[in-house]
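# Structural features, examined
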Amino acid sequence: MKKMLICMALLLCAVGANAQFEKNKWVVAPAVTGLNLSYDGQQKTRFGFGVNAGAFLANNVALLIDLEGDYGKNMKATTALGVGGRYYMEKMGLFFGLGLKYKHFAFEEWKDNDFGMGAEIGYAFFLSRTVTIEPSVYYDQSFTNHKDYSKVGLKLGFGFYF
């Protein structure tokens, strides 16, 4: 009986998810990044935050603006501004994202800038018709000579669809 209820709840979430990924809907998705689980060659582990906001230009396709910041050992701060998109699998909450970012690093000894490309894969678990929890795995590739700026990590976010 318990397994049947869980299966029904997952099915309802999948059916409800499809309605939120339609053209002309909006999404705002704040997230906590890193969670002491992201890694790069400069800082090893770090804690960060971010927010994506955008609109669905077509069913299952969202254009997003991304603002991020994080803090790590021996670093004052990193900020990033980017643009990207997400594709949501129809009738599921699984999504794939790609984007371009401009980052500014403020280390204790020096400052640096970077351009990069990011990719993520995640799942939108619907708590209600308009609110999700969105765990994802991401990878940010640096375009500069500093390969240590590339990073991989986990992200936990919330999505608000309206």
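Going by the structure above, here's the rest.
A short tour of the structure in this document, coming up.

Criteria and thresholds
Residues numbered from 1 in each chain as written. Predicted model: local features only at pLDDT ≥ 70, side-chain atom pairs only at ≥ 80, totals over all residues. Heavy atoms only, no water. Buried < 20%, exposed > 50% of the residue type's maximum accessible area, 1.4 Å probe, protein only. Helix = DSSP H or I, 4+ residues; strand = E, 2+ residues; numbered from the N terminus. Pairing = 2+ DSSP bridges. Core = buried A, V, L, I, M, F, W, Y, C linked by side-chain atoms within 4.5 Å. Contact = heavy atoms within 4.5 Å.

## Section: the pairing of strand 9 (residues 131-142)
- Side chains T132, E134, S136, Y138, D140 and S142 project from strand 9 onto a buried face, and the interleaved V131, I133, P135, V137, Y139 and Q141 project onto a face without burial.
- In this structure, strand 7 (residues 111-123) lies alongside strand 9, joined through 7 bridges in antiparallel fashion. Across the sheet, G118 pairs through a bridge with D140, a residue of strand 9.
- One ladder, built from 2 bridges, connects strand 8 (residues 125-126) with strand 9; its direction is antiparallel. Bridge pairing links F126 to T132 in strand 9.
- With 10 bridges joining them, strand 9 and strand 10 (residues 151-161) adopt antiparallel strand pairing.

## A short note on the nonpolar core
- Core analysis: the largest hydrophobic core is formed by 10 residues, namely F21, V27, F56, A62, L64, Y88, F95, A124, F126 and Y161.
- If near-sequence neighbours (up to four positions away) are discounted, F21 is found in contact with F56, A58, N59, N60, Y88, M92, G93, F126 and Y161.

## A closer look at unusual backbone geometry
- Despite not being glycine, N24 has its phi angle at roughly 75 degrees, a positive value.
- Taking the relative accessible area as the measure of exposure, N24 reaches 60% and is therefore exposed.
- Positioned with a positive phi, N60 is a non-glycine residue whose angle comes to about 75 degrees.
- Its relative accessible area of 6% is what places N60 among the buried residues.

Any functional reading would require information beyond the geometric quantities listed.
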